[in-house]
Amino acid sequence: MKIVFFTETFLPKVDGIVTRLTKTVQHLVASGDEVLIFCPEGAPDNWMGARVVGVPAMPLPLYPELKLALPRPSVSEALEAFAPDLIHVVNPAVLGLGGIWLAKTRGIPLVASYHTHLPKYLEHYGMGMLEPLLWELLKAAHNQAQLNLCTSTAMVDELSAKGIQHTALWQRGVDTDLFRPALRSEAMRQRLHGRHDDTGNLLLYIGRLSAEKQIERIRPVLEALPGTRLALVGDGPYRQQLERLFEGTPTTFVGYLAGEELASAYASGDAFLFPSSTETLGLVLLEAMAAGCPVVGARRGGIPDIVSDGVNGFLYDPDQEGSLTSAVANLLGETDTRRSLRLAAREEAERWGWAAATEQLRSYYRQVLGQRRLELVA
């Protein structure tokens, strides 16, 4: 198949969407598919055998890490030269809308996927009143597609309830070769602790430091459980506010890590905390579980698809005061509990390889192409 992706975010940015997209492209090319990617400028010209076309972009004022790329004639020319069988728009916003328009005007089968729960982000940026309007815009965009893929059953249900049609689940994936318990190391633990002593209760957060991740919810945990330490791995627009908020607590701001260093950080924590209640999936939870780090996540969005409460991690109620602290206390309480959680977490992660997730996607593509052929015959 010849597949074109339109995505609002790609390399060199690092997040769950980029991870899923890069792994997907890698496996598509390995399966013999030809891939062309349109994304904001700054990415390499090629990725794992796929051609990448960077489009000039402007930073989003509220979130400078996210760049908005405006479609231009060169995009249409490159698309026509490639002659794709199918277009896949990832989180359509601006560039993705151009992909939708090109698909509709040229009669190219269209798949869309929903990864970022933008309507729920608005309240964290003081714009909650715009949520109904955003849902209408999302509905108008996604209902142009023959298939809308979501990364959790909760998002399939929510998008369907909001009037978005033809939804289906795109199964999760994680790199269990990179993220593995064997990379746990004392040297990395020392780095994560910074100037704080190791008490054996190292809490870990890995991801964007942004308002919608609700990282501030971890501070009461540190206050209620005095022996705990916290390492925040990553960066983002909320870092300065978080540095002020966590001042005086045993918290280390580690910055970005990648590759085996990142995998070692996951494996070296005692508990991975993911307080966000706006996640469509929460890929970092799967990465932590693959590394054998017990997890605590919110009983919201796509997270219950990954975490079975008390079996391979713990869930907390974002609306219940003290729930996160209780979940962390339960996790850290007994050595045997931690050990069983580590084993069960790794076992769960091993069920979800990227090759299987990509083959499922290829099956969806074939279904959409088959539907289009039937329509043309009719």
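A.B. asks: Sorry if this is basic, but what is going on with the sheet that holds strand β1 (residues 2-7) here?
C.D. replies: Backbone hydrogen bonds hold the strands of a sheet together, and the pairing may be parallel or antiparallel. Pairing is mixed across the open sheet formed by eight strands, whose spatial order is β3-β4-β2-β1-β7-β8-β9-β10. Because the sheet does not close on itself, it has two edges, and the strands there are β3 (46-47) and β10 (167-169). Here β3 runs beside strand β4 (residues 50-55); their pairing, made up of two bridges, is antiparallel. If you follow asparagine 46 over to β4, its bridge partner there is arginine 51. With respect to the sheet, helix α1 (residues 16-30) is in contact with β1, β2 (34-40), β3, β4 and β7 (86-90), its orientation differing from that of β1 by roughly 170°.

A.B. asks: How should the pairing of strand β8 (residues 110-114) be read in this particular structure?
C.D. replies: Side chains on a regular strand alternate between the two faces of the sheet. Of all five residues that make up β8, five are buried, and the element is covered over most of its length. Of the two faces of β8, the one carrying Leu110, Ala112 and Tyr114 and the one carrying Val111 and Ser113 are both buried. For β7 and β8, the ladder comprises four bridges, and the chain directions are parallel. For isoleucine 87, the partnering residue across the bridge sits in β8 and is leucine 110. With helix α3 (residues 95-106) bridging β7 and its parallel neighbour β8, the resulting β-α-β unit is right-handed. Where β8 lies against strand β9 (residues 147-150), four bridges are found, and the strand directions are parallel. Paired with serine 113 across the two strands is leucine 149, which belongs to β9.

Definitions and limits used
Residues numbered from 1 in each chain as written. Predicted model: local features only at pLDDT ≥ 70, side-chain atom pairs only at ≥ 80, totals over all residues. Heavy atoms only, no water. Pairing = 2+ DSSP bridges. Helix = DSSP H or I, 4+ residues; strand = E, 2+ residues; numbered from the N terminus. Contact = heavy atoms within 4.5 Å. Axes fitted to C-alpha atoms, helices over the stretch in contact; angles between N-to-C directions. Buried < 20%, exposed > 50% of the residue type's maximum accessible area, 1.4 Å probe, protein only. Right-handed = clockwise from strand over helix to strand, strands pointing away.

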